Amino acid sequence: MTTLSSAVGRALAACGIRHAFGVVGGGNILATAALTASGVRYTAARHEGGAMAMADAYYRATGEVAVCTTTHGPGLANTATPLAEAVKNRSGVVLLCGDAPLAGPRPHDIDQSAFAASLGVPVVRLSDPATARREIAGAVRTARARQCPVAVFIPGDLAGAVVPADESETAARTGTALDTAPDPAADPVAPYPAAAGPAGAAPPHDLARAVAALAGARRPLLLAGLGAWRSGAGKILLELGDRIGALYTTTVMASGLFHDSPWSLGVCGGFADPAAAALAGEADVIVAFGARLDTFTLHGGRILDPAATVVQVDLTAGPTAERVDVHVRGDAAVVAAQLLDALAAPAPPPPGWRTGATARALPAGWAARPYEDASAGGRIDPRTLTSALAPLLPAQRTVVLDGGHFIGWPAMYWRIPDPAGLVFTGAAFQSIGLGLAGAVGAAVGRPDRTVVAAVGDGGALMGLSELDTLIRSGRSALVVVYDDAAYGFEEHMYAPQGADSATMTFADTDFAGVARALGAAAATVRTVDDLDAVRSWRDRGSPGTLLLDCKVVSGVVAPYLADLIAPHSAG
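A. Examining the overall build of the chain more closely. Helix and strand counts for the chain stand at 23 helices and 20 strands. Scaling as 2.2 N^0.38, a compact globule of 571 residues should have a C-alpha radius of gyration of about 25 Å, and the chain matches this with 25 Å. In terms of its C-alpha atoms, the chain occupies a principal-axis envelope of roughly 75 × 60 × 50 Å. By the burial criterion, 57% of the 571 residues in the chain qualify as buried. Restricting the contact set of the chain to residue pairs at least 6 apart, pairs at least 24 apart contribute 78%. Of the roughly 21,500 Å² of accessible surface on the chain, a fraction of 56% belongs to carbon and sulfur atoms. When the 42 positive and 52 negative side-chain charges of the chain are each reduced to one mean point, those points stand 5 Å apart.

B. Representation of the pairing of strand β5 (residues 93-99) in the model. Across the 7 residues that make up β5, a large majority, 7, are buried. Relative to β5, strand β4 (residues 66-70) runs parallel, the two being bridged by 5 bridges. The residue of β5 that forms the bridge with T69 is L96. Pairing of β5 with strand β7 (residues 149-155), which is carried by 7 bridges, proceeds in the parallel orientation. Residue L95 lies in a different strand from β7, and its bridge partner there is A151.

C. Expanded view of the sheet that holds strand β13 (residues 309-314). What the 6 strands build is an open sheet, ordered β11-β10-β9-β12-β13-β14; its pairing is parallel. Across the chains shown, the open sheet's two edge strands, defined by having one partner strand only, are β11 (264-267) and β14 (326-329). Going across the sheet, the axis of each strand differs from the next one's by a mean of 15°, ignoring polarity. Relative to strand β10 (residues 247-250), strand β9 (residues 220-224) runs parallel, the two being bridged by 4 bridges.

D. The packing of aromatic side chains, seen in detail. Inspection of every chain in the model, using the stated rule, returns 7 aromatic pairs. When the centroid spacing of 6.2 Å and the interplanar angle of 70° are considered together, the rings of F296 and Y560 count as edge-to-face. With F296 in the loop between β12 (285-289) and β13 and Y560 in helix α23 (residues 559-570), this pair connects stretches of sequence that are 264 residues apart. Classification of F296 as partly exposed rests on a relative accessible area of 29%. Aromatic ring contacts, followed pair by pair, group F271, F296 and Y560 into a single cluster.

E. How the structure looks around the packing of helix α17 (residues 435-445) against helix α19 (residues 465-473). One can describe the packing of α17 onto α19 by two numbers: an axis separation of 8 Å at closest approach and a directional angle of 20°. Judged on the interaxial angle alone, α19 and α17 are roughly parallel. The hand of the α17/α19 crossing is left-handed. In this structure, α17 contributes L436, A437, A439 and V440 to the contact, and α19 contributes E466, L467, T469 and L470.

F. A look at the pattern of salt bridges. What the rule picks out here adds up to 20 salt bridges. Note that R354 is salt-bridged to D242, the shortest N-O span being 3.1 Å. Taken together, the residues span a long stretch of sequence, with R354 in helix α14 (residues 352-360) and D242 in helix α11 (residues 234-244) at a distance of 112 residues. Judged by relative accessible area, which is 13%, R354 ranks as buried. For D325, the salt bridge identified is with R323, shortest N-O distance 3.8 Å. Here the residues in one salt-bridge network are R379, D483, D508, D549 and K551, joined through shared partners.

G. Seen up close, the sheet that holds strand β18 (residues 477-483). A sheet is described by the order of its strands in space; here 6 strands give the open sequence β16-β15-β17-β18-β20-β19, paired in parallel fashion. Each end of this open sheet is capped by a strand with a single partner; those strands are β16 (422-424) and β19 (521-525). Each strand of the sheet is rotated relative to its neighbour by a mean of 15°, with strand direction disregarded. The pairing of strand β15 (residues 397-401) with strand β17 (residues 450-456) spans 5 bridges and is classified as parallel. Across the sheet, V399 pairs through a bridge with V452, a residue of β17.

H. Summary view of the nonpolar core. By size, the foremost hydrophobic cluster in this structure holds 51 residues, and its most contacted members are F21, L95, V451, V479 and L547. Top contributing element to this core by residue count: helix α3 (residues 48-62), with 8 residues. Once you skip the residues sitting within four places of it in the chain, V479 turns out to touch L436, A453, V455, L470, T545, L546, L547 and L548.

I. The arrangement of α3 in detail. Here α3 contains 15 residues, and its C-alpha end-to-end distance of 21 Å stays within 8% of the 21 Å for a straight helix at 1.5 Å per residue. Looking one or two residues beyond α3, the residue adopting positive phi is G63, at roughly 80°.

J. Broad picture of the pairing of strand β3 (residues 41-44). Bridging between strand β2 (residues 19-22) and β3 involves 4 bridges; their strand directions are parallel. Residue pairing in the sheet places G22 in a bridge with A44 of β3. Handedness of the crossover joining β2 and β3 through helix α2 (residues 29-37): right-handed.

K. A look at the environment of G216. Topologically, G216 is positioned in the loop between α9 (204-215) and β9. Classification of G216 by relative accessible area gives exposed; the value is 56%. Along the primary structure G216 and G269 are separated by 53 residues, whereas in three dimensions their C-alpha atoms are 25 Å apart.

L. Layout of a nonpolar patch on the surface. Taken together, the side chains of V24, I29 and L30 define a hydrophobic patch exposed on the protein surface, amounting to about 270 Å² of accessible area. Structurally, L30 is set in helix α2.

M. A look at helix α7 (residues 132-146). Taking 1.5 Å per residue as the helical rise, α7 with its 15 residues ought to reach 21 Å, and the 21 Å between its terminal C-alpha atoms agrees with that figure. Most of α7 is tucked away: 11 of the 15 residues are buried. The set of residues buried in α7 consists of A132, R133, I136, A137, G138, A139, V140, R141, T142, A143 and R146. Looking at the residues trailing α7, positive phi occurs at Q147, about 50°.

Definitions and cut-offs
Residues numbered from 1 in each chain as written. Predicted model: local features only at pLDDT ≥ 70, side-chain atom pairs only at ≥ 80, totals over all residues. Heavy atoms only, no water. Helix = DSSP H or I, 4+ residues; strand = E, 2+ residues; numbered from the N terminus. Rg over C-alpha atoms; globule rule 2.2 N^0.38 Å. Buried < 20%, exposed > 50% of the residue type's maximum accessible area, 1.4 Å probe, protein only. Contact = heavy atoms within 4.5 Å. Areas by Shrake-Rupley, 256 points an atom, 1.4 Å probe, with all protein chains shown as cover. Lys, Arg positive; Asp, Glu negative; His and termini not counted. Charge placed at Lys NZ, Arg CZ, Asp CG, Glu CD. Pairing = 2+ DSSP bridges. Axes fitted to C-alpha atoms, helices over the stretch in contact; angles between N-to-C directions. Phe/Tyr/Trp six-rings, centres within 6.5 Å; stacked < 30°, edge-to-face > 60°. Parallel < 35°, antiparallel > 145°, perpendicular 65-115°, else oblique. Left-handed = near helix turned anticlockwise from the far one by under 90°. Salt bridge = Lys/Arg side-chain N within 4 Å of Asp/Glu carboxyl O. Core = buried A, V, L, I, M, F, W, Y, C linked by side-chain atoms within 4.5 Å. Expected span 1.5 Å × (residues − 1). Right-handed = clockwise from strand over helix to strand, strands pointing away. Patch = residues over 30% accessible without salt bridge, like charges linked within 9 Å, V, L, I, M, F, W, Y side chains within 5 Å.

Structure below.
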């Protein structure tokens, strides 16, 4: 006899789910037991929000759908912020929860379907044990094919209901995977539209406009976003760029996609090196593949020549920014191949664009830019800290960033191996506190890489419970706390506008002491010499978790934030 809870866990395992993160309670504990009994690995989080952030980071680091599982009501409600982040980042996650009974809500229940819908999450509320396995398979298909979170709710009065055996039960017992090929007609309502053309191809009219723009370009720039990485467009974009003599750049989320090319400008937008940004500003045609072109990527519009033609290639039905002149709906890799075919016999690319770029800026970057070290009073300049850490980091690494003022420093000074090597938590939803949980998901998903988690003191304290989970996991992790004893972004941005500094600043926290109490190695960093702890840890093979409590100077403002502050200062 198979209960609904058991059938759900077994069906998820049969669909190829390999890892789950969660906090168990009455609404999900039996389904979780079925998951683990079916061979799905499980990481026990300390908070439901942490579990959701872990599953999101796991997807970003691996491209594989993971499960986040919580109990009903408050368990689900605790996932709100990281769930919204996962939606906006288009991460494939199955959120498995208990739910109110079909017979009616209990005093502690909420309208979970409305909750999920408010965040843009499609819901599968199991109501018929006979169809539950197929509904689970459909939920996994949607998460994979549409790259989005999908919620699966188990009503409390059905959790123990008997599920009739069928061919799916046989598949689960024998280890044969259920059919998980994309089938939009069988999936729950998906929030992201598929491409208009066959297999992601661009409509002929849109493609012709993009070809015409590139054919007349003298200084073309190819900009790749996370959508380009996920579609596998990197190689074809390099070929397209070589054919038309283009330079390359990426959004923050696609960092590292072109790092081996001599024609790469690095990251585009607020973190861009000024010389590289100046070159990008000279482009006459910019083709953005799988990028939203938000205000940060476009640096508030300042990074592009107003006369330049902007082409956006994306799966969205229309442009996502006002700056777009030509929108091409389609998959980044497929459309890039179409453009390459259409430009099969081009005129020789103009000689000056790449030659001039080499002579001027490529690929110096922030590390080559001098600055006046502001270290003083037992606190280290964050630029000095971050640049000194760069050569000490393990080569095989996944960088996990929390939100906060400090993010500018790792983005400026640390090399990202590839887009899977960067998990930037909170960026899509403008939140903080998810970095330590994200480090767990990235570490579990990519055990071949050391996780380097950069967090601010505010975000670290907000998500501190998951430092225990990271340490418990036993994975190789370096946690760098940029500790300025303040909410630095708000202090720099709003104190000059009259905000009360007492609401944004705090006494120092002994993060090193907390980490040691939880079982990690730790060091307090006030000078570059204190980074010997990293050398020693790396020489031992980077075992377990090492936390650096870096007491940074609070008065050094990251360039991206200085740009945001400038209009307010001028006013």
